[in-house]
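Read off the chains here:
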Amino acid sequence: MSRSAHPFPASILKLETSNFPRLLTSAATIGLVGGGFLHAAIQPVPRLDSASLTFLQRGTTNTVTLSGDGLAAVTDHLASHKAIRLADVPSSTPAVVLEGSLGGITVRPSDPAKTLPLQIIVAADAPLGAHELRVAGPGGVSNPLTVQVTDLPEILEPAGTSDPASAPRITPPVAISGRIGGSAEVDAYRIALKAGQEIHFDVQANRTGSPLDATLILLDSKGSEVGRSEDAHGLDPFLVFKAPADGEYTARLNDLRHLGGDKYTYHFVVGTRPYLESLFPFGGRRGSTVEVQLFGHQLEGANRLTLALAPEAPLGRQEIRARTAAGYSNPIGFEVGDLPEQLEAEPNNAADKANALSAPIALNGRIGAPGDVDTFRFKSPTDQRWMVEVIARRFGSPLDALLTLQDAQGKVLQRNDDANGPDARIEFDAKKDVEYLISLRDLTDRGGERFGYRMILQKPDTTPDFSVKTGAGRVRVHRDGWLAVRCEVARRNGFDGIVRVSGQNLPPGVSVVPCTIGAGIDFGWLLIGATADASATSLPLRLQATAEIGGKPVARSVQLSEAGWLTVLPPAPFSVDLGQASAAVEQNTTVALDVAVARAPGFTNEVKILADGPGGVNIPVLTLPPGQSRGQLQLNAAFNAATGTRPVAIRAEASVDGQTLIQSAPRFADVTVHGIPLYATAMLPGSPFFRTDAVKLSAVALPTNSASAANRTEFVVKVERRGFDGEVSLALEGVPAGVIATVQPVAAKAKEATVQLLVTEKAEAGKEHQIAVTAAYTHNDRTWRQKTTPVALTIAAPAVETASTNAPATATSKPTP
């Protein structure tokens, strides 16, 4: 089958860059090699680790080498947008070959499982910004690799950059993908500039995940430093330079700590194109026009522009770019809302000059100077809860917002800093027609024209709602097999209804057993299965959650861990099932669950059985050795395990031809955890917390009439009462000979009792003894017994002192302090 490229469906992939053309909505189905016995048919999932080039210019064709594993069996290529196509690199004779004079020497070819050369064709109208690439084969769909589409000429780091004497010349605008490959390495680039020419240098490293902490130094033709930058954007340098004279300048890049290596990559933009530092305001109302002020470089004098926001413009944040004849700027955030908009008006530093607000409102303002305070007054038309939120740092503003709510007399009612990063948020209950003051300043009293903010005053969202997410993304299920997927529900604003999760647009032979998550439960399991005649294929996976809110049906897309793909594989040589449909266990006890593995003829490999239990129930892995087919999982319920009935999913894993194959049981075990009326634990005296870790004591073996306290120690037994208030008797086991224990019961309604230990000279010293405490009581005609974690008692011998060598030898006993 020849390789082909497919776009991801729009409903599956959401890219962070905005204003993209609508992605293709047709489901892309990839045919896989089907049939055959397991060992011949099941291929590994391809994995992508890196690409030789991750920044691509619009309208170019690029030969890129993907690195990873399992790439030899790749049959398909996928891109997240139709404007990006992937194709095989035509085979050709290597540009360089070597030949030995005596033979037996050849050039070793690259490993096809580890590297994959591809052509990436980027259309001239491809959206700027991030896109995802994947590959696929019979074993499934790979993880994504992110590439960035730009409108700049993109090149790889030329040879000679690490030798200042032979630094390559570059012609802006250009973007260079490079690497500080070793310790103390310095990369250098030469640039010819005219007097008065303005240019910017933007090092993108730490922002893209590189460990590089870059330093940028600009030298003139005499080697004198004329510019320097380090931490302009986080840890990344940014420098705007206007050449004072004609000449050749050298830009030098290195790591501040003189580190380097394969991962110390950078994207170095040397530009004569527009660059946006910020804009104001940060947003506007759709269906209106907004005058924005631009701050940046090489903007052709366009410091103010009027934006027209269409009535149907998508709500929320999107990225916009400035465009001049020289090209596009970097992206910057802008929010489209549907609330009325208002601009802050100075002076408003004091309460008597406060700007009046009529909620709901989206207010745009600036802390315009150091020490500036913006003050607003507000009256609620009804008794109502309100929310005021400052959005500043999320738009790149340096403002560290401090938000204060006061009454009309100036009494502080609430104050908040850093509710969402450095941005502030307050919720409060307002009384009808009572005036409130809202003030905003920078936490450290900084300010300036870049210290913009967007403040939203509106009623908080109180609508009951829910969302569902799963840790699954790329799912593989075998023919005639099942796979369980855990679904977690987040409930908001009092929603406590039943949630059902199901699959959508499944191919023939693939089915989903819907997941029903009951009221008050926060997770459930979905089963995906394939029949024996299901087509071996990969296709997008979509899951939907439904519920009823206010008597009306509501549907929500399930959030997957990544773009969802479902791959149907040939049959596995084993399956797993449960011996019983349910099990019951009390807190602080253990129960067994029978499991069985069905093995295909000739399959004798070791099989591991794993289970995902409810909260507080630990289920160790069960390993069935070669040839064994039955066993028992141990369900260990903690003393504080959540009570109630919840499903437990069972799966079997086995290694076959270097791959881990997974099969889930076709049904779940309903595990019911019952509460216990009391739990006891041994603790050190005076501990403020209810602890269950081991207690360690020490004492010295001394006569019972010793005046020293070193032979005495004690601990307490604390009880957590959960319905039983009577007396609890305590019994000790393992008390060593020569140790006298004084034990009192825990009195009715009391929470603890003290156990005293006296270590006599008859006790065996030099070793650690384990003492177990058993708590016993009768409740509802049943006698309950529980052992605590053992108490460790270390007994030491008394210290022996030897007199001076000039005096008669004597020995005295001295207690160890």
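Check the entry above for the structure.
In this report, we go over the structure that sits alongside the text.

Procedures and definitions
- Residues numbered from 1 in each chain as written.
- Predicted model: local features only at pLDDT ≥ 70, side-chain atom pairs only at ≥ 80, totals over all residues.
- Heavy atoms only, no water.
- Helix = DSSP H or I, 4+ residues; strand = E, 2+ residues; numbered from the N terminus.
- Rg over C-alpha atoms; globule rule 2.2 N^0.38 Å.
- Buried < 20%, exposed > 50% of the residue type's maximum accessible area, 1.4 Å probe, protein only.
- Contact = heavy atoms within 4.5 Å.
- Areas by Shrake-Rupley, 256 points an atom, 1.4 Å probe, with all protein chains shown as cover.
- Pairing = 2+ DSSP bridges.
- Axes fitted to C-alpha atoms, helices over the stretch in contact; angles between N-to-C directions.
- Polar contact = N/O pair within 3.5 Å; in protein donor to acceptor, adjacent residues only side chain to side chain.
- Salt bridge = Lys/Arg side-chain N within 4 Å of Asp/Glu carboxyl O.

## Here we look at the overall build of the chain
Logical step 1: From N to C terminus, the chain includes 1 helix and 70 strands.
Logical step 2: Taken against the 2.2 N^0.38 rule, which gives 28 Å for 817 residues, the C-alpha radius of gyration of the chain at 35 Å runs more than 25% over that of a compact globule.
Logical step 3: In terms of its C-alpha atoms, the chain occupies a principal-axis envelope of roughly 100 × 90 × 85 Å.
Logical step 4: The burial tally for the chain puts 47% of its 817 residues in the buried class.
Logical step 5: Long-range pairs, those at least 24 residues apart, make up 68% of the contacts in the chain between residues at least 6 apart in sequence.
Logical step 6: Carbon and sulfur atoms form 50% of the exposed surface of the chain, whose accessible area is close to 38,700 Å².

## Comments concerning the sheet that holds strand β12 (residues 154–156)
Logical step 1: Pairing is mixed across the open sheet formed by 5 strands, whose spatial order is β12-β13-β20-β15-β18. The two strands at the open ends of the sheet, each matched to only one other strand, are β12 and β18 (238–242). For this sheet, the mean inter-axis angle between neighbouring strands, taken without regard to orientation, is 20 degrees.
Logical step 2: Where strand β13 (residues 174–179) and strand β20 (residues 265–271) come together, 6 bridges link them in antiparallel fashion.

## Section: the side chain of T672
Logical step 1: One can find T672 in strand β59 (residues 669–674).
Logical step 2: Setting aside its immediate chain neighbours within four residues, T672 contacts A583, A584, V585, G644 and T645.

## Brief notes about the pairing of strand β15 (residues 198–204)
Logical step 1: Where burial is concerned, most of β15 is hidden: 6 out of the 7 residues are buried.
Logical step 2: For β15 and β18, the ladder comprises 5 bridges, and the chain directions are antiparallel. In the strand pairing of β18, I199 is matched with F241.

## Quick word on the side chain of H478
Logical step 1: Inspection of the secondary structure assignment puts H478 in strand β40 (residues 474–478).
Logical step 2: Among the polar contacts listed, one links the side chain of H478 to the backbone oxygen of P570, at a separation of 2.8 Å.

## Description of the sheet that holds strand β21 (residues 275–280)
Logical step 1: Strand order across the open sheet formed by 3 strands is β21-β23-β24, with antiparallel pairing between neighbours. Each edge of the open sheet is held by one strand with a lone partner, namely β21 and β24 (304–308). This sheet shows a mean twist of 40 degrees between the axes of neighbouring strands, independent of strand direction.
Logical step 2: Bridge count for strand β23 (residues 289–297) against β24 is 5 bridges, and the pairing is antiparallel.

## A look at the pattern of salt bridges
Logical step 1: Under the counting rule described, the total for this entry stands at 36 salt bridges.
Logical step 2: Between R134 and E132 there is a salt bridge, and its shortest N-O distance comes to 3.8 Å.
Logical step 3: Accessibility expressed as a relative area gives 16% for E132, which makes it buried.
Logical step 4: Through salt bridges that share partners, R385, E389, R394, D423, R425, E427 and D429 make up one connected network.

Keep in mind these values describe shape, not function.
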